[in-house]
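What the coordinates show
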Amino acid sequence: MLPRFEQFITERRYLMNVSPATLNWYTHALKWMPSENPTQDELNAMVCRMREQGLKATGCNAATRAINAYLKWSSSACHLKPMKEPQFIPETFAAEQIQLLVSFKPKKFYERRLHLLCLLLLDTGARISEALTLHVADVDLDNLLITLMGKGGKQRRVPFSMELRRALFSYIKDCEPRDYLLARQGVDGRKLGRGTALHEVKRLCVRLGFAPPARTLHAFRHTFAVNYLRRGGSTFHLQKMLGHSSLEMTRRYASLLTSDLQEVHQRISLLSRAA
């Protein structure tokens with residue numbers, strides 16, 4: 001890595017105390033840079049190269065945000081503008097699918113751990129990374145609160161339901177996890193890996209008779225957010241639940257699903273009133 005890049009990474013690590021994941025993001029993005037002090041034309045050519053090598057608009061924007069942070073740090077007059085990204089309605093679990101997941105009757109340890117993971121994601125809207133790094137000590141069964149470690153090392157406490165409390169109490173009592181709540185079975189007690197969790201959730205969906213939605217693990221979070229708003233929750237409280245840094249990120253979930261639009265349109269349609 002070039003000296004200026006190394007200095008930027010070092011200052012971000014020790015002066016701003018950014019997370020290891022953010023440092024990896026910076027490091028990966030800076031590999032696209034043609035030099036330490038690129039011209040605007042070189043930056044534009046770099047973005048074209050990203051696209052030619054198959055990066056989508058979302059991937060390019062993720063890299064350019066990191067690169068713009070470096071350019072600002074280095075007092076460069078150049079910067080990159082974000083490109084337009086396609087807007088898709090996030091996939092969620094249907095009501096029938098949620099019922100199947102909730103009513104699933106686990107027997108073996110792996111099934112119980114998997115079932116608890118699904119309940120936890122559906123009930124709290126936690127990120128999968130937050131759920132997998134949840135410690136037993138972070139669960140307050142008396143006050144129905146869990147402490148999640150979010151992005152950037154930011155902790156937040158979120159409530160959970162009495163139904164989830166019953167599942168948590170039973171799982172902790174019977175399975176006796178020592179450190180991580182959703183630990184791997186064995187004496188090491190290491191946390192469950194994201195890939196393993198994804199594989200198990202997808203397999204459970206197929207077992208229950210439906211195809212898992214796209215971005216399966218994140219679909220739990222989308223499902224929680226959409227239903228939170230649909231049942232009368234405010235975007236402000238949802239922001240606190242999800243751990244979003246800005247309200248704008250939360251407002252994306254305020255867009256109604258097609259079924260909601262159809263129901264509303266049927267009530268207000270001028271043609272329906274005239275019939």
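Relevant structure appears above.
Everything in this summary refers to the structure shown in the same document. On a predicted model such as this, the values are computed, not experimentally measured, just so you know.

1. Section: the pairing of strand E2 (residues 145–149)
The sheet contact formed by strand E1 (residues 139–140) and E2 spans 2 bridges and is antiparallel. By the bridge assignment for E2, Asp140 is matched with Leu145. The antiparallel hairpin formed by E1 and E2 contains 4 residues in its connecting segment, where Leu144 sits at a positive phi of about 55°. In this structure, E2 lies alongside strand E3 (residues 155–159), joined through 5 bridges in antiparallel fashion. Among the inter-strand pairings, Ile146 is bridged to a residue of E3, identified as Val158.

2. Focus on the side chain of Thr216
Mapping Thr216 onto the fold places it in helix H10 (residues 216–230). The exposure class assigned to Thr216 is buried, which follows from its relative accessible area of 4%. If near-sequence neighbours (up to four positions away) are discounted, Thr216 is found in contact with Phe93, Leu198, Val201 and Lys202.

3. Description of the packing of aromatic side chains
Under the definition given, this model contains 11 aromatic pairs. Judged by centre distance (5.5 Å) and plane angle (70°), the rings of Phe109 and Tyr110 are edge-to-face. Accessibility expressed as a relative area gives 18% for Phe109, which makes it buried. Seen from their ring centres, Phe224 and Tyr228 are 5.6 Å apart, and the 40° between their planes marks the pair as tilted. Highlighted residues: Phe224 and Tyr228, both in helix H10, separated by 4 residues, approximately one helical turn. The rings of Phe5, Phe8, Trp25, Tyr26, Tyr70 and Trp73 are connected pair by pair, giving a single aromatic cluster.

4. A closer look at H10
With 15 residues, H10 should cover 21 Å at 1.5 Å per step; its first-to-last C-alpha distance of 21 Å lies within 8% of that length. Taken across its 15 residues, H10 has 12 buried, putting it largely inside the fold. Here H10 has its buried residues at Thr216, Leu217, Ala219, Phe220, Arg221, His222, Thr223, Phe224, Ala225, Val226, Asn227 and Leu229. If you follow the buried residues of H10, they end up packed against helix H5 (95–103), helix H6 (109–124), helix H7 (128–132), E3, helix H9 (194–207) and helix H11 (235–242). One or two steps after H10, the chain reaches Gly232, where phi turns positive at roughly 105°.

5. Digging into the packing of helix H1 (residues 3–14) against helix H4 (residues 57–73)
Helix packing geometry: the angle between the two helix axes and the distance between the axes. At a closest axis distance of 11 Å, the pairing of H1 and H4 adopts a crossing angle of 100°. Comparing the axis directions of H1 and H4 gives the class roughly perpendicular. Residue-level inspection shows Arg4, Phe5, Gln7, Phe8, Glu11 and Arg12 of H1 in contact with H4, the latter providing Ala69, Tyr70 and Trp73. By residue class, the composition of the contact of H1 with H4 is 5 nonpolar, 1 polar and 3 charged.

6. Thoughts on the pattern of salt bridges
Inspection of the entire model under this criterion finds 8 salt bridges. For the salt bridge of Arg207 with Glu111, the shortest nitrogen-to-oxygen distance reads 3.0 Å. Residue Arg207 is located in helix H9, and its partner Glu111 is located in helix H6; the two are separated by 96 residues in the primary sequence. Arg207 gets classed as exposed once you look at its relative accessible area, which sits at 55%. Judged by its relative accessible area of 17%, Glu111 falls in the buried class.

7. Considering the pairing of E3
Remember that side chains alternate between the two faces of the sheet whenever the strand is regular. Burial of E3 is one-sided: the residues Arg156 and Val158 facing one way are buried, the residues Gln155, Arg157 and Pro159 facing the other way are not. The turn joining E2 and E3, which pair antiparallel and follow one another in sequence, is formed by 5 residues; a positive phi near 70° is taken by Gly152.

What counts, and at which threshold
Residues numbered from 1 in each chain as written. Predicted model: local features only at pLDDT ≥ 70, side-chain atom pairs only at ≥ 80, totals over all residues. Heavy atoms only, no water. Pairing = 2+ DSSP bridges. Helix = DSSP H or I, 4+ residues; strand = E, 2+ residues; numbered from the N terminus. Buried < 20%, exposed > 50% of the residue type's maximum accessible area, 1.4 Å probe, protein only. Contact = heavy atoms within 4.5 Å. Phe/Tyr/Trp six-rings, centres within 6.5 Å; stacked < 30°, edge-to-face > 60°. Expected span 1.5 Å × (residues − 1). Axes fitted to C-alpha atoms, helices over the stretch in contact; angles between N-to-C directions. Parallel < 35°, antiparallel > 145°, perpendicular 65-115°, else oblique. Nonpolar A, V, L, I, M, F, W, Y, C, P; charged D, E, K, R; others polar. Salt bridge = Lys/Arg side-chain N within 4 Å of Asp/Glu carboxyl O.

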